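Here's the letter readout for the chains.
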Amino acid sequence: MKASSTPRAAVVAALLALMTVPLWVGNSYYVDVASQILLFAVFALALNVLAGYAGLVSLGHAGLFAISGYTAALMLQAGFPHATAAAGAVLATLVTSAVFAVLALRATGIGFLMITLALGQTLWGIAYRWVNLTNGDNGVNIAARPAPFGISLAGAPSFYYATLVVFLLALAAMAAFDRSPFGASLRGTRDQARRMTALGYNVWLIRFLAFLFSGFWCSVAGLLYLYNKQFISPQVSALQASAEVLLMVISGGTATLLGPVAGAAIVVIMKYVVSAYVVRWNLVLGVIFVAIISFMPEGLVPGSVRIWGFARRRFFALPRRRGTVREGAQPQARCGPTGPLAGSAPQPPDQVWGGEGKDSRKPSPGAPP
Amino acid sequence: MTLWLTLAVNSIAFGGLLFLLSAGFSLIFGLMRIPNLMHGSFFMLGAYFGVTLMLPAVGANFWIAALASGLAMALIGGAIERFLLRRLAGKELAQVLLTLGLSFIVSDLCLMIWTGDPWQPASPAELRGVVRAGGMIFPLYRLAVVAIAIVVAAALWVMVDWTRLGAMIRAGVDDAPMARVVGIRVSRLFTLVFALGAALAAFAGVVGAPILSVYPGLDSDMLPLALIVVILGGTGSLLGALVGSFVIGFLYNFGQAQFPDLAYVILFLPMLLVLVLRPQGLFGKGAS
C-alpha cells in the first residue's frame, strides 16, 4: 500500500478529511481522541520499522516511548525550557535505543523478542520503583503544553493540528524510508539475511540503524503523548502498552505504510468504545489479540477479505472440501514472509537464539570490498 | 550479620521458587522454541486456585491444595497447547504472541474473580516454627521451600537424564525434526512438557503464596524473572535454570534490601553480561 500506488484523489480526500476533523467532529473530547489516534499512529509506524520491515518483533517499545515522555516531563519539572526538554528526550531515547539495539541484536526472531521484553520490563521497573526519580505510581505532571512559534496548543483543535503536522512528517519519513535503498536493504535483511551478508551488506549495522530510526519516532510519539495528557505514569511503559502498539501494527498489516495507521485508529477507537461500556479493556485486548493471531495473522483488512471470500465460497457457491481455511492461509507463507506472523523465520530454528547475529557481522569471505 | 544471613536464607528460598517456575519455562522453550509468555499467569492462576481451595469453605490442606492446583493447571496448560498453540505449529512468533494475549485475558479474569486485594494464605501449620542453629533463627517454611525445590530438581533430573521419556525430551530439544524421523511423537511431547511446565508453575505459585502473597500483577512480576533466569542459564538446560534461579534469587533479594529503587536494574546486569559474553546462556548449547 505505497502512497504512489494510491490514487491521488484518495490521498487528497484523506488529507482534506484529516485537516477538517475539528470542524466536523465538533466536540473537543472527540478531537482529543483523534489526536491520540494520530500520535499512536506515529508510535505504530515507528514499531513497524522493526516489526514489519526488519522482521524483528520488539516487545520493549513502550519502554522507549516512556523514556522520552519521562525525560521531557522530569526536565520540565526541573525548570528547563520546552525546547531543551524535547531535545533531551529525543537524545535520551536515542541513547536507550542504541543500548537496546546492541543487546537485542545479539539475537533475531524469538530471542530478540525475549530480550526486548526483558529490557522493557527493566524500564518499567525503574519507572515504577525508583520513586525518588519518577514519583513511582503517581506519575509526573507537567504544567503546560509547549507553544511552538508562539502558537498555544492548549485547546484540543490546536493540539490536533500540531499532532497532524508531526504525523504527516512521520508518514512522509516512512514513505521516503520505504522507497529508499536503506528500506530495501532492511527488507533484504529480513527475508534473506545470509544472502545480504554475502552481497557485502553489514546486516547488523542495517538493523542497528533501523532500531535508531524506530527509536527516534518512538521518542516523538512519547513527547506527543506527554503533551497530550500533560501527565505520564509507569503504565505507558508496561508490557500491555508494548502489546497494544504491536497489536496496532499487526492488526493493520505489517510492513505497509498505512497499515499501522489503520491499526492505531482501530485500537484507539476500540479502546475508547470498549472502556465506555466495560472496565475490562485488558480482557478485550487479549481476546482481540488471540483472535487476530489465530484467525487472520496477515492483518485485519486482508484477513477479513480472505474470511469473507471463504465464507462466500463455502456457503453461497461450490462447497469445497474441508480444510480450505488452512489452504487460504498458505500462500502467505509460500511467497516468503510478508510479516512477522506469516511463517517461521527464514533462519533454521537452532539459530534463532544468538548465533545468526554474530555470523552476520563478519563480512563473508567472498564479499566485494 | 544476622540480617545478611536472613537475607541469604530468603534468597535461597526465593531461588527455589524461581527454579520451580523456570524449570518448566526452560523445558518448554527448549523443546517448542517459544518462550511461554503465559508462564507468569500459570504461576498466579495456580496461586489463586490454591488459596481458594484453602478457604475455610473448601478447607483443603495446604499440600493437597498445591497438588490439586498443579493438576488443574496441567489440564489447562495441556488444553491450551493442544487446541490453541497446535493450530499455529511452525509459526513461532504467532505462538508467542498468542500466549501473550492469553496472559492478558488471565490477568484480567483473575482481577475480576479474586478482586484487587492481595491474598496471603498461612503457611502449613507443621512448618510455622523456626529452626535455631548457632544462635541464628531460620524460618522453617523457607527451608522447606528450598527442600521442595531440591527434591523437584532431583526428580526432574532423574526424569530427563535417566528415563525413556527424558531421552525423548532431550532428543526433541536437540533436534525436533530428527526426533520425529526416528519415530518419537514430538507433538505429544509438546503437550506433555507444556502441561508439566504449567503444573510446576502453579505448584510454585501455591508454595510461594505464603511468602509472596497473591496479587494482581504477580504474573508480570514473575515472568521477567523467569525470562532472565532462562537467558542467564541457557534454554532447555535444567542445570542452567537451577544456577540461574539461585543467582537471580540472591540478586533480587539483596537488591531489594540494599537498593530498593534499582532492584530491577541490578537483576538486569548479569543478563547483560551473559548476553555480551555468552549469548547462548551459561549452560546453553551454542548454535553450531
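Given the structure is predicted, the values throughout are model-derived calculations rather than measurements. (Residues numbered from 1 in each chain as written. Chains lettered and ligands numbered in written order. Predicted model: local features only at pLDDT ≥ 70, side-chain atom pairs only at ≥ 80, totals over all residues. Heavy atoms only, no water.)

**Describing the overall build of chain A**
From N to C terminus, chain A includes 17 helices and two strands. Every one of the 369 residues in chain A was classed for burial, and the buried ones make up 53%. When contacts within chain A are restricted to residue pairs at least 6 apart in sequence, those whose partners lie at least 24 apart make up 75%. Of the accessible surface of chain A, which amounts to about 15900 Å², a share of 67% is contributed by carbon and sulfur atoms. (Helix = DSSP H or I, 4+ residues; strand = E, 2+ residues; numbered from the N terminus. Buried < 20%, exposed > 50% of the residue type's maximum accessible area, 1.4 Å probe, protein only. Contact = heavy atoms within 4.5 Å. Areas by Shrake-Rupley, 256 points an atom, 1.4 Å probe, with all protein chains shown as cover.)

**Remarks on the confidence of the model for chain B**
A residue-level look at chain B finds 97% of positions with pLDDT of 70 or above and a mean pLDDT of 85. The lowest-confidence element of chain B is strand S1 (residues 130-133) of chain B, averaging 75 in pLDDT; the highest-confidence one is helix H2 (residues 39-54) of chain B, averaging 93. (pLDDT = per-residue confidence, 0-100.)

**Let's talk about unusual backbone geometry**
Look at Gln230 of chain A: it is not a glycine, yet its phi comes out positive at around 55°. For Gln230 of chain A, the location among the structural elements is in the loop between helix H11 (203-229) and strand S2 (231-232). Owing to a relative accessible area of 24%, Gln230 of chain A belongs among the partly exposed residues under this scheme. Of note in this structure, Thr115 of chain B is not a glycine but carries a positive phi near 60°. Along the polypeptide, Thr115 of chain B turns up in the loop between helix H4 (92-114) and S1.

**Brief notes about the packing of aromatic side chains**
Residue and element names in this part refer to chain A. If you walk through the whole model with that rule in mind, you get 23 aromatic pairs over all chains. Aromatic side chains Tyr29 and Tyr272 sit 6.1 Å apart centroid to centroid with 80° between the ring planes, which places their arrangement in the edge-to-face category. With Tyr29 in helix H3 (residues 28-54) and Tyr272 in helix H13 (residues 259-277), this residue pair connects regions lying 243 residues apart in the sequence. Judged by relative accessible area, Tyr29 falls into the partly exposed class, the value being 44%. (Phe/Tyr/Trp six-rings, centres within 6.5 Å; stacked < 30°, edge-to-face > 60°.)

**Digging into the nonpolar core**
Counting residues in each nonpolar core, the largest one holds 198 residues, and the members touching the most others are Phe40 and Phe167 of chain A together with Leu100 of chain B. By residue number, the principal contributor to this core is H3 of chain A, which donates 19 residues. Dropping the residues within four chain positions of it, Phe40 of chain A is found in contact with Phe65, Tyr225, Met248, Ala264 and Val268 of chain A. (Core = buried A, V, L, I, M, F, W, Y, C linked by side-chain atoms within 4.5 Å.)

**Quick notes on the interface of chain A and chain B**
Contacts between chain A and chain B engage 49 residues on the former and 45 residues on the latter. Carbon and sulfur atoms supply 72% of the area that chain A and chain B bury against each other, a total of about 4500 Å² over both sides. Linking chain A with chain B are zero salt bridges, by the criterion used here. The tally of links from chain A across to chain B stands at two residue pairs in polar contact (both at pLDDT 80 or more). Among the secondary structure elements, those contributing two or more residues to the side of chain A that touches chain B are helix H6 (109-129), helix H7 (131-134), helix H12 (239-252) and helix H14 (281-295) of chain A. (Buried area = accessible area lost by both parts, 1.4 Å probe. Salt bridge = Lys/Arg side-chain N within 4 Å of Asp/Glu carboxyl O. Polar contact = N/O pair within 3.5 Å; in protein donor to acceptor, adjacent residues only side chain to side chain.)

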